[in-house]
Amino acid sequence: MAENKLALWGGPKAVQNDPGNTFTWPIVTEEDETAVLEVLRRGAMSDLDVTMAFEQEFAAWQGTRYTLGFNTGTAALHAAMFGVKLGVGDEIICPSITYWASVLQCFSLEATPIFADIDPDTLCIAPGDIEHRITEHTKAIMVVHYLGHPAEMDTIMAIAQRYHIPIIEDVSHAHGGLYKGRKTGMFGAVAAMSLMSGKSLPIGEGGMLVTDNREIYERAVAFGHYRRFDDAIKSEDLRPYRGLPLGGQKYRMNQLCAAMGRVQLKYYDNRAAEVRQAINYFWDLLEGVPGLRAHRVQAESDSTMAGWYSASGHYHPEELGGLSVTRFAEAVRAEGSVCAPGVNKPLHLHPLFNTCDIYGHGQPTRLVHAHRDVRQPPGGLPVSEHIGSHTYRMPQFKRYYPDIIAQHAAAYRKVAENYAALLADDPGDPPELNDWPGNLN
Ligand SMILES: *Cc1c(COP(=O)(O)O)cnc(C)c1O
């Protein structure tokens, strides 16, 4: 059939419709503009009133006692680490597949990361790869609800409780998601998340820390919120130092962003539900297509994909004659759709975690405060090291427009059904897809 000829070979493109605002993100309306202008006209960018109002509304939405706004998610996670007393010589267990800001800040606290592998289905930290990495130095476990998928908290919580190790949740991909009926961000001793513009809950640039633990909250305030470091601090350990930030950081949220955040939060649950409806529809249309599998929870009910940040799919080349995801993605893009091979690259292979002497200690920073050579050479985290050639980033549908979504699904189906025609000149996946270039030995 002529219309089944791949666009790569001159056939008609599967995606013909103008996407309109299908992919537009963030959604900014006059209400956001009015709120931001109010702060701008008042010159109140560096004040605290709007941020504190946002924090209160966020606390009510999240369901935690304490919330603290930050200028980035990176900063919020840094303060969360300080909050649980991660310090000199301590180890923090973190999945290797995540954005660097889930863990890299630990170096500045003189702690060291220990990477764990991921589960090939959820793409979150593998519950079975945590316990054997725990030592007397383990002070925290970082759990990332990766690409919107909730991590397997039942098993992870049981391990953390057995060893009395606090969990920090990085909720940057899963704001307001559910795991077995309970909100992400409500499992750990503390949770922190990014609110930057690409994230599901976008406020410009910003981060939020949430916790029910007073001590963690006070330490997070003391670390980088010098102007609040008076009223907010009751602890006798911290009060003598009030007025100056213990972390030497200035981490408060910009109120232009807080103002946008207050508006975005009002609409977030509805917008996230529409994103889930759209992406679930895409995957329902592709059910049973060889080589392609959804990255999603079993059924949307008491567990959800939150705002489905950076939605991605699983790829099974063995069902498509070994066709590389690189070649597959190229053919899908030729059809007018979106497909980018891979997810985040494995952090444990990056030279920053292996050879770099960041602070001039005369040896790799990773080792300075470690009690043994904690570096993790290639081969140690097999799922993380190979996941790049088994995944791809799909179209980021933000609206439920069934006709448009159906065309994109048709593009994926068409390429999968015509895989044999692509095998002959398949260049294969480049090594960088999985590993950081130049760091393989
Ligand atoms: C975006 C992100 C962060 C960092 O947040 P910023 O607001 O960009 O500083 C941390 N962790 C994960 C998993 C992220 O995706």
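Right above here is the structure, for reference.
Small disclaimer: the values here were computed from a predicted structure and weren't measured.

Visitor: Can you lay out the layout of surface pockets for me, pointing to particular residues and giving the numbers?
Guide: What the largest pocket holds in volume is close to 520 Å³. Lining the largest pocket are 24 residues, with His149, Ala294, Arg296, Val297 and Gln298 sitting closest to its centre. Looking at the lining of the largest pocket residue by residue, the class counts come to nine nonpolar, eight polar and seven charged. Taken as a whole, the second largest pocket spans an internal volume of roughly 430 Å³. Lining of the second largest pocket is provided by 27 residues; of these, Tyr99, His173, Lys199, Tyr309 and Asn344 occupy positions nearest its centre. Counting residues per element, the lining of the second largest pocket draws most heavily on helix H3 (residues 73-83), which supplies three residues. Along the lines of polarity and charge, the residues of the lining of the second largest pocket split into ten nonpolar, 13 polar and four charged.

Visitor: Could you give me a rundown of H3, with the residues and numbers involved?
Guide: What sets the pattern is the α-helix's 3.6 residues per turn: residues three or four places apart point alike. Of all eleven residues in H3, ten are buried; the element is thus mostly enclosed. Looking at H3, one finds that the buried residues are Gly73, Ala75, Ala76, Leu77, His78, Ala79, Ala80, Met81, Phe82 and Gly83. Between a side-chain oxygen at the N-terminus of H3 and the backbone nitrogen of Thr74 the separation is 3.4 Å; the capping residue is Thr72. Looking one or two residues past H3, Lys85 carries a phi angle of roughly 70°, positive in sign.

Visitor: Residues and numbers for the sheet that holds strand E12 (residues 340-341), please.
Guide: Spatially, four strands are ordered E10-E11-E13-E12 in an open sheet, and the strand pairing comes out antiparallel. On the outer flanks of this sheet lie strand E10 (292-294) and E12, each paired with one strand and no other. In this sheet, strand E13 (residues 391-393) lies alongside E12 in antiparallel orientation, the contact comprising two bridges. The residue of E13 that forms the bridge with Pro341 is Tyr392.

Visitor: Let's hear about the site of the ligand: which residues, and what values?
Guide: Taken together, 15 residues surround the ligand, and among them Thr74, Asp170, His173, Ser194 and Lys199 come closest. One of the backbone N or O atoms of Gly73 is found 2.8 Å from an oxygen atom in the ligand. Thr74 places a side-chain nitrogen or oxygen 2.5 Å from an oxygen atom of the ligand. Mapping the ligand onto the cavity grids shows that it belongs to the second largest pocket. With three residues, H3 is the single largest residue contributor to the shell around the ligand. Looking at the shell around the ligand residue by residue, the class counts come to four nonpolar, nine polar and two charged.

Visitor: Before we move on, could you go through the nonpolar core and cite the residues and values that matter?
Guide: Counting residues in hydrophobic clusters, the biggest one holds 71 residues, and the most contacted among them are Met153 and Ile168. If one sorts the elements of this core by residue count, H3 sits on top with seven residues. Excluding residues within four positions of it along the chain, Met153 makes contact with Val143, His145, Ile167, Tyr179 and Phe187. In this structure, Val325, Cys339, Val415 and Leu433 belong to the second largest nonpolar core, which totals 32 residues.

Visitor: I'd like a rundown of empty space enclosed by the protein, residues and numbers included.
Guide: Under the counting rule described, the total for this entry stands at one cavity of 30 Å³ or more. Empty space within the largest cavity amounts to approximately 50 Å³. If you go around the largest cavity, the residues you meet are Leu48, Gly224, His225, Tyr226, Arg227, Arg228, Lys250, Tyr251 and Arg252. Here the lining of the largest cavity is built from residues that sort into three nonpolar, two polar and four charged.

About the cut-offs
- Residues numbered from 1 in each chain as written.
- Predicted model: local features only at pLDDT ≥ 70, side-chain atom pairs only at ≥ 80, totals over all residues.
- Heavy atoms only, no water.
- 1 Å grid on protein atoms, 1.4 Å probe; cavity = no way out; pocket = protein on both sides within 12 Å on 5 of 7 lines; lining within 4 Å.
- Points joined across faces, edges and corners; volume = space filled by probe spheres on them.
- Nonpolar A, V, L, I, M, F, W, Y, C, P; charged D, E, K, R; others polar.
- Helix = DSSP H or I, 4+ residues; strand = E, 2+ residues; numbered from the N terminus.
- Buried < 20%, exposed > 50% of the residue type's maximum accessible area, 1.4 Å probe, protein only.
- Polar contact = N/O pair within 3.5 Å; in protein donor to acceptor, adjacent residues only side chain to side chain.
- Pairing = 2+ DSSP bridges.
- Near = heavy atom within 4 Å.
- Sits in = over half its atoms within 2 Å of the grid points.
- Core = buried A, V, L, I, M, F, W, Y, C linked by side-chain atoms within 4.5 Å.
- Contact = heavy atoms within 4.5 Å.

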